[in-house]
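Understanding the architecture of this molecule
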Amino acid sequence: MALRTKIKHIDSLANGVLRFRRRFPKDVTEALGQGFMQVHIANRTGLAFHREYQAIMTEFDRIVRETRAAKGGPDMRSPIERWHEALLKAEGLVNETHGLEDDPEFARRMLAHGLSKRTDTDPMLVKALLEPEAAPPEVTLKDAANTYAKDKGLTNKRDDMVRFERTLRRLEAALGPLDKVALKSLKREHGRKFMTTLLETKKADGSPLALGSCKRDAIIVAALVTHGLIEFDMAADVANPFAALPWPKEETRAVEKKLPLPDDLIKRVEGRLAEGRTKELPLLWRLLKGTGMRLGEAAGLTSDDLRLDEDTPHVLVRPNEVRGLKTKSSTRSVPLSGDALRAAQEAVSIVQQGQPIFARYARKRGADAASAALMKAVRSETTDKRLTVHGLRHRVSDKLRDEGAPTEVRHGFLGHASQAIAESTYGSPKARLEEFQRWAVKADL
C-alpha cells in the first residue's frame, strides 16, 4: 500500500497524465490575458516529480513577479544602478544615430532635447546624454542591499528573499528610504535607531518581536553593510554601525518560554492525530518524539535516509533532494529505538524505495505546513503558548540530560553546532552512533 496525498494545483486527466493548473492573480490575469498556468508533468512519482513540481512553481512565481514589474510596479533599482543603466542606454542611442557620427556631442544634445519633451522619459537618461562625465550618485544602503542579495544568491531563492525583504522593510521603517541613505554617511546613531525600532516593532497579534528575531535582523543588516563597504572600497573609511549593538539582556518572561512537552499531552495529541484522515502526521509526530529532529529535518526524509537493517537502526540526517539542513553540524546519525523505530518501520513499508516519507510536505515551505497541522492538534489539547511542537525536541534533550548523558552526547544527538566535541570524544561515526543508542535506550526514547 502506498501513501496517497493531494498535491496543490495537481490533477490527473482521463488519460492518466498529471497536470499542473494554477490560477493567476487577478491583476496578472488582466495583464496576460489568460487566467491559468497549465503544464503537463512528465514525471509521475518520486523525487523526479517533486523536482519538476518545484521548478514549475518557481516559474509561476517568476511570471507573476515580472508581469507585475512590467505593469509599473515599484522600481527596485538604486540611484547608482539607474545611473549606470542610463549611461549604457545613452551610449546605445548615440551609436544608433545616423548622419551625426562626426559630431557625437551634437547628437547627444539633439537626443536629449527630443526625449525631454516626452513625459515618460527618465530624467537620469537625459542627464546621461548631456553630462556623461558627471559624478555618479552616492552609493547607498540600497546599493549595498542589492549587491548583497545578488552576490549571496538570495535573488534565486524565493523564501530567502522574502525574509531578506522583510528585514529591509524594518530597516527602512527606522532610517527612511534606503536609496536616500549614503553608505559613507552611516554613523553609530543609525545602528542604535534600527535597534530601537526593532525592539518597538509589534507582530500581527500585538506582541513584541522576540529579542532573538531582533538580533537576527541586525545580523543580516550588519552583513550586508560589511559586504557593501568591501565591494564599494569603503571598508577602510567607514565603520559598520550595525555590528555589536548594545542589546538589552534577554529577560524571557515565563509565558514566553518554550517548554518540553509533558508525556500526558504527547499521548493525547498522538491519539488525536491517529484519529485523523492522514497517516503521515502520526508517523511524523512519533519520529519527532523519539529522535529530537527538527521538524524540517524529519519532514524532508526519504526512505533512503532510514537505515533500519543495520546493526544500530538509525536515521541518517543529511541534505537530500527534498531539503537542505540548517547548518553543516546538523548532518548526523540519530539512533532509532522504541516507538520511533516502530514508526520508521511503518513508514518504509508504505512508500517506495527512494521516495519521500512524507510526500505531502516534501516541498518548499512543507515544514511550515506540517508545523501548522501538528500545532492544530497541540492547540486542541492545550492553550498554553509555551507548549509547541518544538517542545518535542526540548523533551529529548531533557530526557537525555536527566539520565546523565554528557553534553557531547546531547549536542551530537540533536545536531548542535558544538557536536564536534562528540566527534573528538567518541571517534568513528559507528562508535558515536552506538554510544548515542545506549543513551537513547536509557532515556526511554
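Residues numbered from 1 in each chain as written. Predicted model: local features only at pLDDT ≥ 70, side-chain atom pairs only at ≥ 80, totals over all residues. Heavy atoms only, no water.

Right, let's get into the overall build of the protein. Summing up its helical and strand segments, the protein has 18 helices and six strands in all. Overall, the C-alpha framework of the protein stretches about 85 × 65 × 45 Å when taken along its three principal axes. Within the protein, the proportion of its 445 residues that are buried is 44%. Nonlocal contacts in the protein, meaning residues at least 24 apart in sequence, comprise 64% of its contacts between residues at least 6 apart. (Helix = DSSP H or I, 4+ residues; strand = E, 2+ residues; numbered from the N terminus. Buried < 20%, exposed > 50% of the residue type's maximum accessible area, 1.4 Å probe, protein only. Contact = heavy atoms within 4.5 Å.)

For the structure shown, the criterion picks out six aromatic pairs. With a centroid separation of 6.3 Å and 65° between ring planes, the pair formed by Phe20 and Tyr53 is classed as edge-to-face. Remark: Tyr53 occurs in helix α2 (residues 46-70) and Phe20 occurs in strand β2 (residues 18-23); sequence separation between them is 33 residues. Residue class for Tyr53 comes out buried when judged on its relative accessible area of 3%. Plain terms: the ring middles of Phe413 and Phe436 are 6.1 Å apart, the flat faces sit at 55° to each other, and that makes the pair tilted. Within this pair, whereas Phe413 is found in helix α16 (residues 407-414), its partner Phe436 is found in helix α18 (residues 429-442), the two being separated by 23 residues in sequence. Across this residue pair, the class does not change: Phe413 and Phe436 are buried. By the ring-pair criterion, three or more aromatic residues cluster together here, those being Phe20, Phe49 and Tyr53. Between the NZ or CZ atom of Arg21 and the centre of the ring of Phe36, over which it lies, the distance is 3.6 Å. (Phe/Tyr/Trp six-rings, centres within 6.5 Å; stacked < 30°, edge-to-face > 60°. Lys NZ or Arg CZ within 6 Å of the ring centre and 35° of its normal.)

Pairing of side chains with opposite charge becomes possible as their charged atoms draw close. Scanning the entire structure with this criterion turns up 24 salt bridges. Between Asp339 and Arg286 there is a salt bridge whose closest N-O contact spans 2.9 Å. Of this pair, Asp339 sits in helix α13 (residues 338-349) while Arg286 is found in helix α11 (residues 280-291), placing the two residues 53 residues apart along the sequence. Of the residues examined, Arg286 reaches a relative accessible area of 11% and is grouped as buried. Look at the salt bridges and you will find they share partners, linking Glu270, Arg286, Lys289, Asp339, Arg342 and Glu346 into a network. (Salt bridge = Lys/Arg side-chain N within 4 Å of Asp/Glu carboxyl O.)

Next up on the list: the packing of helix α3 (residues 79-96) against helix α5 (residues 123-130). The packing of two helices is summarised by the inter-axis angle and the distance between the axes. Where α3 contacts α5, the two axes come as close as 8 Å, and the packing angle between them is 60°. In this view, α3 runs oblique relative to α5, as classed from their interaxial angle. Considering how the two elements wind past one another, α3 and α5 form a crossing that is right-handed. Mapping the contact onto sequence places Pro79, Arg82, Trp83, Ala86, Leu87, Lys89, Ala90, Leu93 and Val94 in α3 and Met124, Leu125, Lys127, Ala128 and Leu129 in α5. (Axes fitted to C-alpha atoms, helices over the stretch in contact; angles between N-to-C directions. Parallel < 35°, antiparallel > 145°, perpendicular 65-115°, else oblique. Left-handed = near helix turned anticlockwise from the far one by under 90°.)

Chain-level statistics for the protein give a pLDDT mean of 84 and a share of 92% at 70 or above. Per-element averaging of pLDDT across the protein places helix α17 (residues 420-426) at the bottom with 52 and helix α8 (residues 188-200) at the top with 95. (pLDDT = per-residue confidence, 0-100.)

With respect to topology, three strands assemble into an open sheet ordered β1-β2-β3, the strand pairing being antiparallel. A strand with exactly one partner marks an edge of an open sheet, and here the two such strands are β1 (10-12) and β3 (36-41). Strand-to-strand twist of the sheet, defined as the mean angle between neighbouring strand axes without regard to direction, takes the value 30°. Examined bridge by bridge, β1 and β2 share three bridges and lie antiparallel to one another. In the strand pairing of β2, Ser12 is matched with Leu18. (Pairing = 2+ DSSP bridges.)

Our next topic: helix α15 (residues 391-402). Relative to the 16 Å expected for 12 residues at 1.5 Å per residue, α15 spans 16 Å between its end C-alpha atoms, a close match to the ideal helical length. Within α15, burial applies to Gly391, Leu392, Arg393, Arg395, Val396, Ser397, Lys399 and Leu400. In this structure, the buried side of α15 is in contact with α10 (263-274), α11, β6 (332-335), α16 and α18. Positive backbone phi, at 95°, marks Gly404, one or two positions downstream of α15. (Expected span 1.5 Å × (residues − 1).)

A few words on the environment of His390. Note on placement: His390 falls in the loop between α14 (366-381) and α15. The sequence separation of His390 and Leu288 amounts to 102 residues, and the corresponding C-alpha distance is 9.0 Å.

The subject of this paragraph is the environment of Pro132. Looking at the element boundaries, Pro132 is found in the loop between α5 and α6 (141-151). Non-local contacts of Pro132, meaning those with residues more than four positions away in its chain, are made with Trp83, Leu87, Arg108 and Lys127.

Another aspect to go through is the environment of Arg318. Take Arg318: it is sitting in the loop between β5 (314-317) and β6. Owing to a relative accessible area of 25%, Arg318 belongs among the partly exposed residues under this scheme. For Arg318, the residues in contact, after removing those within four places along its chain, are Asp304, Asp305, Arg307, Arg323, Leu325 and Thr331. At 2.7 Å, the side chain of Arg318 and the side chain of Asp305 are in polar contact. (Polar contact = N/O pair within 3.5 Å; in protein donor to acceptor, adjacent residues only side chain to side chain.)

Moving on to the nonpolar core. Residues Trp285, Leu288, Leu374 and Phe413 are the most contacted members of the largest nonpolar core, which totals 51 residues. Here this core gets six residues from one element, more than from any other, and that element is α11. Contact partners of Leu288, with chain neighbours within four places excluded, come to Met293, Arg294, Leu295, Ala298, Leu374, Val389, Leu392 and Val396. Counting 35 residues, the second-largest nonpolar core is a separate cluster that includes Ile80, Leu175, Leu183 and Trp247. (Core = buried A, V, L, I, M, F, W, Y, C linked by side-chain atoms within 4.5 Å.)

With burial as the criterion, each face of β5 is covered, one bearing His314 and Leu316 and the other bearing Val315 and Val317. In this structure, strand β4 (residues 306-307) lies alongside β5, joined through two bridges in antiparallel fashion. The partner of Leu306 across the bridge, within β5, is Val315.

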